Structure formats: C-alpha cells, structure tokens
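Below are the chains, spelled out letter by letter.
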Amino acid sequence: KMTVQLWCLLIGAMLPYVWHFVSVPFKNKQFGEVDIGEPRAQGMGLVDTGARVWAAQLNAWEALGLFSVANLAAFMAGVDPEGYWSLAAIIWVVARVCHGGFYIAGFGLVRVLCFAVGLGMCLWIFSMALI
C-alpha cells in the first residue's frame, strides 16, 4: 500500500494552490484587484513579499514534478512502500512546506536548506528505485 506516498503527493500537489491563494491579498494590495484575465502577468509584477509568494508557488510546481517522477520510479521498481520510501516522502513534504514558508518570510538561507533537503529526498527515492 502506498498510502503515505499518495498523501504526500496530494499535499505536494496542493502546495502551489495554497501559495496562489496566499498571493491574493498581495495582488489586491498592490494592484487593487486580482486580474483573472492575466493572472500570470500580474503575478510576475508583484514586488517584495508578494513576489516571494509568487516565486514559492512556481518553485512548488517545479519540485512537484521531480517528486512525482521519483515516486513513479520507486513504484515501477517495486520499492517497499512501507520502508524508507515513506520516510523520504514525509521528509519531502515537511521540507517543501517549510521551503514555501521561509521563501515568503524572506529567510533565504533556511529556504535553500529546505530546498536541498527536498531535492535530497527525491534523489534518495530515485536511489531506492535504482537499487
């Protein structure tokens, strides 16, 4: 059973949407409203904290792709879902949630460390699939 991994994938898939909704007050404050016609152009025009929220959203999408492929590789290789794979997936989620929070707060060094931990977990999952 891949229950842990599926929950982690679901949380990872929801993170970009969470950061999107966090960006709404910044868009309202800076632009007066959310532009539903050109949301990406508006997002790219954000400054300060709003820009960091937008960047956290984009980075969450990027990280989700690698995490998804790593999990697919582990599944296809028959890695035991109740072993270290579950641990790596949980650590990935914690790292990614913290990454977004630190990104928004402007704590660059800790954000980069969280990014590295998340990347490391993806590489760990891939290594489990390769072994």
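Along each chain, the written sequence defines residue order, and numbers are assigned to residues from 1. Where local features are concerned, this predicted model is filtered to residues with pLDDT of at least 70; where side-chain atom pairs are given and counted, the filter is 80 or more; whole-chain, interface and lining totals use all residues. The side-chain figures draw on all heavy atoms in the structure; neither hydrogens nor water molecules are used.

As for the overall build of the protein
The condition that has to hold: Each helix is a run of H or I in the DSSP string that is no shorter than four residues. Each strand is a run of E no shorter than two, and both are numbered from the N terminus. Classification of residues uses two cut-offs on accessible area relative to the type maximum, computed with a 1.4 Å probe and protein chains only: under 20% is buried, over 50% is exposed, and between them is partly exposed. Contact criterion: two residues are considered in contact whenever any of their non-hydrogen atoms come within 4.5 Å of each other.
In terms of regular secondary structure, the protein is built from five helices and zero strands. Going residue by residue from the N terminus, the α and β elements of the protein occur as α-α-α-α-α. Viewed in the frame of its principal axes, the protein has a C-alpha envelope of about 50 × 30 × 20 Å. Per-residue burial for the protein yields a buried fraction of 36% across its 131 residues. Contacts in the protein between residues at least 24 apart in sequence constitute 70% of all its contacts with a sequence separation of at least 6.

A closer look at the packing of aromatic side chains
To be explicit about the condition: Between the rings of Phe, Tyr and Trp (Trp by its six-membered ring), a pair exists once the centres lie within 6.5 Å; its type follows the angle of the planes, with under 30 degrees stacked, over 60 edge-to-face, and the other angles tilted. Only when the NZ atom of a Lys or the CZ atom of an Arg is both within 6 Å of the ring centre and within 35 degrees of the ring normal do we say a charge sits over the ring.
Using the criterion set out here, one finds four aromatic pairs in the structure. Both rings, one in Y84 and one in W124, keep their centres 5.7 Å apart while their planes meet at 40°; by these two values the pair is tilted. In this pair, Y84 is assigned in helix 4 (residues 84-105) and W124 in helix 5 (residues 108-130), connecting sequence segments 40 residues apart. Judged by its relative accessible area of 28%, W124 is partly exposed. When the ring centre of Y103 is taken as origin, the NZ or CZ atom of R111, which lies over that ring, is 4.2 Å away.

Shape descriptors only; they carry no functional weight alone.
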